[in-house]
Amino acid sequence: MIDFDYKARIRLLISIVTIILFYSVLQNSWYEIQGQGEFTMGPPKESKLKIVYEIESAGDDGAFEISRSTPFLKWMASRESHSNQTSSEETKSTSQSDESTSATDYVRYAIKILGVLLILILSTRIFHDYPHLLKLSSFVWLTGILLFTIGIPLSLSMDNGDEISEGDTPVEEPTPDTEEFPFFEISSNMEIIFGGVQYNFNASGYDSGLLSQEEIDQLSEPPPVKGDVGYDQFVAFEGDFSLKPSKAFNYWLAIPLIWLFEVDWRRLYETYTSR
Amino acid sequence: MRLLGLAIFLMLLSSVFLPAYSAEPPSNASWGFEYDWSHLDQDTEYLFAVNLEELVSVIEEAGEKGDMNIEIGYTLGGKTHFYNSVETSDSSSLREVTDGSGDKHFVTERITTYTVRHSTFATSSMHTDWGDAKASFDYDLSLESTDLTIIDIEIIEFFNANNELIGADIISNGEFQYTNLMGIDGQIAGRNTSIEFDKTKLQFDLGWTWSNFEASWRLNSPSSIYTHINEAATSEDIDTVAWDCDFWEPSNETFGDVMYVYDDCGQVTGSYDSSYNYDLHLTNFPAEDFGLPSFWNDIRITDDYGDDFDIDTTASFYEEFYYNSTKKDDFLGEERTFATFDYLPLTPALFLLQYPLTSFSDVMEEMDIESVVDAEVEEAEEDYDSEESDLEYLVDDFDSSNLERDLDRFTEEFQEEMEKLEEPEFRYEDGFIYGIWDTESRAFVSYQLDIKEDGNWKSILGPNLDNYEVESLSGMKTHVGSESVERQQEAEKMQTSDEIMGLKSAGEESTLEALPYPNLLWAVLVVACIATVSRPDD
């Protein structure tokens, strides 16, 4: 017969809350790669693109949104070399889907195992207070944080190494081929955000798909001014690109908060004041 | 002497201001109709001898012959309100208007108002399943669509003391919105592969609005077109008036019973804001099963674009007014003499209507929804990876299954049953629409639609000046006179689909439904935690 004293009840509660939080971890998105930007010059001016790629417990999910889409779609349709460009993109995007399983899947298994392990350790403490079990729980939890913040992006880079090194996202985006964009320039900077990183970038170049060879030969150093050859065909894009753990990470972070119930605050206060 | 001079001056002044022609349209010169779309089933059966429920039964029964279970359900609803009224401004408050040549005129105003409110909804659902040893499908499809039309147009025509048209102003706002949501749940399966649709949805919304539409039409010289139309309505010598509205020196000539009226109709200038929007949103699409990258799971393409535009165009058109008959009637509350003119003659007010109603063309040049859809289909084809897709295996399984045989059986049965049904035939042999002209106020004040059934003419819309048998559709209500004025005022206030359809607003949902259940669960958990911790040991 288990003696459900105050301590046991607290530990039972901690286990139940941990199970609920870990269930929430499994039900929500784990890691998010999000890119968004806006065309600021050229035929697709004002069009905005947003791409979201999410790693989840059982697979991955994505979303793609074009707002103020008409100029962008008309531009894509009007480009002479559009089909050649997209077919090269297609090769990239499909190749990533072939390879994007292994390393990321290992991390998925690891996080799931850590969650189950955490619940087992905390549940054991209901029945028997082995020494160092709470420290072990903390170690498991910290390992989980490392997997969320470092393991997943690392596994993604292993799975999609070629694409990322070329500046592509794991999902398709209209990253231009520099040959198609004379005077193509890109500048970027990186900043640390909560749990992840964000890249801000500006890209621009003349769209050769809308220019004759004679006009291409007459192009001047960007940025062009109104009246210059290629001014209307000069495409500029500003955007940012972030990699960070998403909602499930917050649930994982919240797990040890419930452990604070176990602290005997009165005794702690008395010890502190007696000193 | 001074007093005499002042008196003469005032008399002269009043002779300038006093319109030579002073009759006004009846105070309740209004007509309109409402249609309740929930009666569409009955009216379709009445008008075309087609029973929609019977058609559904035929499809469901034909499905059984093809070893398919098909169940179809649908609901239709909504309302259309259309009202048109004509009134004259207070003649004691004359206004100065400058015509296209720069000449100033003191004018009276005749105001024609059009109010249109329309919103319908249609929901349909279909369950279908079929299967044999090699392939099967089992789907629940749903379709919900609503549309909304709001149009307010006010046209103010200006007349000088000789009842000559100086010009007109138009003010308008309008909106068209269409929303469509398709849902699919189910599975298509082959021997070893299957594709599952789990709450897959395709939302497609499309809209166009115009606002602050203000345009002014000023003729270069006053036109006596309304006086000449009245001649056709009241004289036995003239039956047709042909109005050549261009850059002519104002004049008229008569050949037989046709009077030709030539006018210098000047310019139309103005401005308006116009915008369009579309939203194409595909969610929970099993992209990977179709060999597409995962971002196709949720793809959204939207645009919401607006701009302001100017109008500066010449007013040039040619129109004929065909007199038909003259009748006395009191349908507007007082007995007057009305003349009917064939068709819907292009009056100055109707001429101006075209500008707000076609203003979409400017903004639509920016939007090309067809190319948007084409671009996405092309994109999907380029993204398609046959090695990742189960589609080809499924196609092979379906090719080797009995689906084609069963579909043939379904089609044969459907055709056989359809042949047994009554041939759809439009109930009426002929129809005719008239413009109703008030000979006293010299204005078009209403319209009338007559239809011919079994050799007999009947009146279906309007005042029924010929006292024909009244024909009515179950969903249709027509209004004239003061009743129409009241209805028009009510309709003008309707701004949402719910208001047009007479439904409860969304804000009136029950408090219970609005409770945030996930937050409540967390609150219960917090209370449980506190209770557990605070409870002392026994």
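Residues numbered from 1 in each chain as written. Chains lettered and ligands numbered in written order. Predicted model: local features only at pLDDT ≥ 70, side-chain atom pairs only at ≥ 80, totals over all residues.

K.L.:
Explain the overall build of chain A to me, please; I cannot follow it from the model alone.
P.N.:
If you tally the helices and strands in chain A, you get nine helices and six strands. Out of the 275 residues belonging to chain A, those deemed buried represent 32%. Across chain A, contacts joining residues at least 24 apart in sequence account for 71% of those joining residues at least 6 apart. (Helix = DSSP H or I, 4+ residues; strand = E, 2+ residues; numbered from the N terminus. Buried ≥ 20, exposed ≤ 12 C-beta atoms within 10 Å, placed from the backbone. Contact = placed C-beta atoms within 7 Å.)

K.L.:
Even after reading the chapter, I still don't get the overall build of chain B, so can you show me in this structure?
P.N.:
A count of helical and extended segments in chain B gives 13 helices and 18 strands. Burial analysis of chain B (538 residues in total) assigns 30% to the buried set. The long-range share in chain B, meaning contacts at least 24 apart out of those at least 6 apart in sequence, stands at 72%.

K.L.:
Can you walk me through the packing of helix H1 (residues 6-27) of chain A against helix H8 (residues 247-254) of chain A in this structure?
P.N.:
When two helices pack together, their arrangement is given by the angle between the helix axes and by the axis-to-axis distance. Residues and elements named next belong to chain A. At their nearest, the axes of H1 and H8 sit 8 Å apart, and the two run at 165° to each other. Classified by the angle between their axes, H1 and H8 sit roughly antiparallel to one another. In the packing of H1 onto H8, the handedness of the crossing is left-handed. When H1 is examined against H8, the residues Leu21, Ser24 and Val25 are found in contact with a partner set consisting of Ala248, Tyr251, Trp252 and Ala254. (Axes fitted to C-alpha atoms, helices over the stretch in contact; angles between N-to-C directions. Parallel < 35°, antiparallel > 145°, perpendicular 65-115°, else oblique. Left-handed = near helix turned anticlockwise from the far one by under 90°.)

K.L.:
What's the story with helix H5 (residues 133-159) of chain A in this structure? I'm lost.
P.N.:
Counting along an α-helix, one turn takes 3.6 residues, and residues three or four places apart therefore face a common direction. Leu147 of chain A marks where H5 of chain A bends most, by close to 40°. Among the residues of H5 of chain A, Ser137, Val140, Trp141, Gly144, Leu147, Phe148, Gly151, Ile152, Pro153, Ser155, Leu156 and Asp159 of chain A are the ones counted as buried. (Bend = angle between axes of the 7 residues up to and from the residue.)

K.L.:
For this particular structure, what's the right way to read the nonpolar core?
P.N.:
In summary, soluble globular proteins display a tendency toward joint burial of nonpolar side chains. Ile229, Leu352 and Trp437 of chain B are the most contacted members of the largest nonpolar core, which totals 53 residues. Setting aside residues no more than four positions away along its own chain, Leu352 of chain B makes contact with Ile155, Ala168, Ile170, Ala215 and Trp217 of chain B. Counting residues in hydrophobic clusters, the runner-up holds 33 residues, among them Phe39, Ala63 and Val235 of chain A together with Leu282 of chain B. (Core = buried A, V, L, I, M, F, W, Y, C linked by C-beta atoms within 7 Å.)

K.L.:
Please explain unusual backbone geometry as it appears in this structure.
P.N.:
Negative phi characterises most residues that are not glycine, and trans characterises most peptide bonds. Each neighbour pair has its own omega, and for Pro222 of chain A with Pro223 of chain A the value is 0°, a cis peptide bond. Position of Pro223 of chain A among the secondary structure elements: in the loop between helix H7 (213-217) and strand E6 (234-245). Positive phi, normally seen in glycine, also occurs at Asn212 of chain B, with a value near 50°. Residue position: Asn212 of chain B is located in strand E7 (residues 194-223). By C-beta crowding, Asn212 of chain B is classed as partly exposed, having 13 other C-beta atoms within 10 Å. Unusually for a residue other than glycine, Asn284 of chain B sits at a positive phi of about 55°.

K.L.:
Is there a simple way to explain the environment of Ala248 of chain A in this structure?
P.N.:
All names here are of chain A. Looking at the element boundaries, Ala248 is found in helix H8. On a C-alpha basis, the gap between Ala248 and Gln27 in space is 7.7 Å, while along the polypeptide they are 221 residues apart. Once residues within four sequence positions are removed from consideration, Ala248 is found in contact with Val25, Asn28, Ser29 and Trp30.

K.L.:
Would you mind showing me how to read the pairing of strand E14 (residues 430-438) of chain B here?
P.N.:
Regular strands show a simple pattern: their side chains alternate between the two faces of the sheet. All names here are of chain B. The pairing of strand E13 (residues 336-342) with E14 spans five bridges and is classified as antiparallel. Paired with Thr340 across the two strands is Ile436, which belongs to E14. In this structure, E14 lies alongside strand E15 (residues 443-453), joined through nine bridges in antiparallel fashion. The residue bridging Asp430 from the neighbouring strand is Lys452, located in E15. Between the antiparallel neighbours E14 and E15 lie four residues, among them Arg442 with a positive phi of about 55°. (Pairing = 2+ DSSP bridges.)

K.L.:
Is there a simple way to explain the packing of helix H3 (residues 52-65) of chain B against helix H9 (residues 403-420) of chain B in this structure?
P.N.:
Residue and element names in this part refer to chain B. As a packed pair, H3 and H9 sit with axes 8 Å apart at the nearest point and diverge in direction by 140°. As far as their axial angle goes, H9 and H3 are oblique. The two elements H3 and H9 meet at a crossing, and its hand is right-handed. Touching Val58, Ile59, Glu61, Ala62, Gly63 and Lys65 of H3 are Arg409, Phe410, Glu413, Phe414, Glu417 and Met418, all from H9.

K.L.:
Whenever I open this one, the confidence of the model for chain A confuses me. Can you help?
P.N.:
In regions of low pLDDT, the predicted coordinates are not meant to be interpreted in detail. Residues and elements named next belong to chain A. For chain A, the average pLDDT comes to 81, and 83% of its residues sit at 70 or higher. Across chain A, element-level confidence peaks in strand E1 (residues 31-41) with a mean pLDDT of 93 and bottoms out in helix H3 (residues 82-99) with 42. Here residues 80-100 scores under 50 on pLDDT; set against residues more than four positions off or in separate chains, the count is 30 contacts. Note on residues 164-174: pLDDT under 50 across the span, and 30 contacts to partners over four residues away in sequence or across chains. (pLDDT = per-residue confidence, 0-100.)

K.L.:
What exactly am I supposed to notice about the environment of Phe39 of chain A here?
P.N.:
Within the fold, Phe39 of chain A resides in strand E1. Through-space distance from the C-alpha of Phe39 of chain A to that of Asp5 of chain A is 64 Å; in sequence the pair is 34 residues apart.

K.L.:
Even after reading the chapter, I still don't get the environment of Asp5 of chain A, so can you show me in this structure?
P.N.:
Residue and element names in this part refer to chain A. Topologically, Asp5 is positioned in the segment before H1. The class of Asp5 is exposed, set by 10 C-beta atoms lying within 10 Å. For the pair Asp5 and Ile126, spaced 121 residues apart in sequence, the C-alpha to C-alpha distance is 9.9 Å.

K.L.:
Help me out: how do you make sense of helix H4 (residues 225-234) of chain B in this one?
P.N.:
The buried count for H4 of chain B comes to seven of ten residues, which makes it a mostly enclosed element. Along H4 of chain B, the positions that sit buried rather than exposed are Ile225, Tyr226, His228, Ile229, Asn230, Ala232 and Ala233 of chain B.

K.L.:
In this structure, what is going on with the pairing of strand E16 (residues 456-461) of chain B? I would like to understand it.
P.N.:
Residues and elements named next belong to chain B. Bridging between E15 and E16 involves five bridges; their strand directions are antiparallel. Bridging from a neighbouring strand, Leu449 pairs with Leu461 of E16. Counting the residues that bridge the hairpin from E15 to E16 gives two residues, and of these Asp454 lies at a positive phi of roughly 50°. One ladder, built from two bridges, connects E16 with strand E17 (residues 469-470); its direction is parallel. The residue of E17 that forms the bridge with Lys458 is Glu469.

K.L.:
Looking at this structure, I do not really get the confidence of the model for chain B. What am I missing?
P.N.:
Residues and elements named next belong to chain B. Looking at chain B as a whole, its pLDDT mean stands at 86, while 89% of the residues score no less than 70. Between the elements of chain B, mean pLDDT differs from a low of 40, seen in helix H1 (residues 2-17), to a high of 96, seen in strand E9 (residues 258-264). Contacts for the low-pLDDT stretch residues 1-20, under 50 throughout, to residues beyond four places or in other chains number twelve contacts. In the predicted assembly, ipTM is 0.74 and pTM is 0.80.

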